[in-house]
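# Summary of the model geometry
Now for the letters of each chain:
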Amino acid sequence: MPEITPSPLPLNPLGDTGMQVSALGLGTVKLGRDQGVKYPGSFTIPDDRQAADLISRARAWGINLIDTAPAYGNSEDRLGKLLRGQRDQWLICSKVGEEFAGGQSSFDFSARHTRMSVERSLRRLHTEVLDMVLVHSSGDDERIVREEEVLDTLQQLKREGLVRAIGMSGKTVAGGLLAAQYSDVMMVTYNLRERGEEAVLDYCHKNNKGVLVKKALASGHIAGEEGGDPVQAGMDFVFAHPAVTSAIVGTINPAHLDHNCSCVLRALS
């Protein structure tokens, strides 16, 4: 198969934040964690050279959004080294609330933990500001928004200049709609198999909120389905909704990255 020559992906406005985000973002859970993940097959965490080549390939496609989290093992630490000297080329999205250790997740949405987590991410990523920080939901979205201190604390960190945009990576419709009222950007599950959070996309579209789609290919499960090109079908579906700013896809395979980008370009053409 001939090598694909990258064509730059379009940049989309991230709501009213003033940031312009590539239509595809690079998810990095596979750079730092291989336990407790829900992909259809096993994988080997890439070494530094492979990871650097993948990031370089993503930039060749015009990708400027990289998504990480404290819960992604040592992803933040690795990105801090891998992005050295090219920080100005990337918009970094990280998260707060979920920790992952010993193969288990734990959650803390207190003000103290939120501030600690953001300051730790800044150190790990060797940066003075995080472009986006999202609440990494435990699934109890409504209670988190109503009762926990995390969103108020993120607003304060934004006022202090440590964070440019805030939001939530939610898991429920009601919680997503509630969180979106206090957010600049929302991360929403939306794919051919899972359309339940479409109301959150509709709200964000009406209210000029940025939307990052997670699991656009159902964590790789859609890509394994028979008939036609399931990746193209998945991207066509995702980008048919006018609210979608960017789809976050966490491949570590350069050929898959090329194919994903080509499918996004076709979906948007």
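The structure contained in this document is the topic of the report that follows.

### With respect to the overall build of the chain
Helix and strand counts for the chain stand at 10 helices and 12 strands. Its C-alpha atoms give the chain a radius of gyration of 17 Å, near enough to 18 Å, the size a compact globule of 269 residues would have. For the chain, with 269 residues in total, the buried portion stands at 53%. Expressed as a percentage of contacts within the chain between residues at least 6 apart in sequence, the contacts between residues at least 24 apart total 75%. Across the chain, 29 positive and 34 negative side-chain charges occur, with their mean positions spaced 2 Å apart.

### Notes on the pairing of strand β7 (residues 104–107)
Bridge count between strand β6 (residues 98–101) and β7: 4 bridges; the pairing is antiparallel. Among the inter-strand pairings, phenylalanine 100 is bridged to a residue of β7, identified as serine 105. What sits between β6 and β7 in their antiparallel hairpin is a turn of 2 residues, with glycine 102 showing a positive phi close to 60 degrees.

### Quick word on the nonpolar core
Leu24, Ile63, Val118, Leu154 and Met235 are the most contacted members of the largest nonpolar core, which has 60 residues in total. By residue number, the principal contributor to this core is helix α9 (residues 230–239), which donates 5 residues. Leaving out residues up to four positions away in the same chain, isoleucine 63 has contacts with Leu9, Ser22, Leu24, Gly25, Leu26, Ala58, Trp90, Leu257 and Cys261. With 13 residues, the next largest nonpolar core counts Val21, Met187, Leu212 and Ile248 among its residues.

### Observations concerning the packing of aromatic side chains
Applying the stated criterion to the full structure yields 2 aromatic pairs. Plain terms: the ring middles of phenylalanine 107 and phenylalanine 109 are 6.1 Å apart, the flat faces sit at 20 degrees to each other, and that makes the pair stacked. Classification of phenylalanine 107 by relative accessible area gives partly exposed; the value is 35%. Sitting over the ring of phenylalanine 43, lysine 30 keeps its end group 5.2 Å from the ring centre. The aromatic ring of tryptophan 90 is capped on one face by arginine 59, whose charged end is 5.5 Å from the ring centroid.

Reading guide: rules and limits
Residues numbered from 1 in each chain as written. Predicted model: local features only at pLDDT ≥ 70, side-chain atom pairs only at ≥ 80, totals over all residues. Heavy atoms only, no water. Helix = DSSP H or I, 4+ residues; strand = E, 2+ residues; numbered from the N terminus. Rg over C-alpha atoms; globule rule 2.2 N^0.38 Å. Buried < 20%, exposed > 50% of the residue type's maximum accessible area, 1.4 Å probe, protein only. Contact = heavy atoms within 4.5 Å. Lys, Arg positive; Asp, Glu negative; His and termini not counted. Charge placed at Lys NZ, Arg CZ, Asp CG, Glu CD. Pairing = 2+ DSSP bridges. Core = buried A, V, L, I, M, F, W, Y, C linked by side-chain atoms within 4.5 Å. Phe/Tyr/Trp six-rings, centres within 6.5 Å; stacked < 30°, edge-to-face > 60°. Lys NZ or Arg CZ within 6 Å of the ring centre and 35° of its normal.

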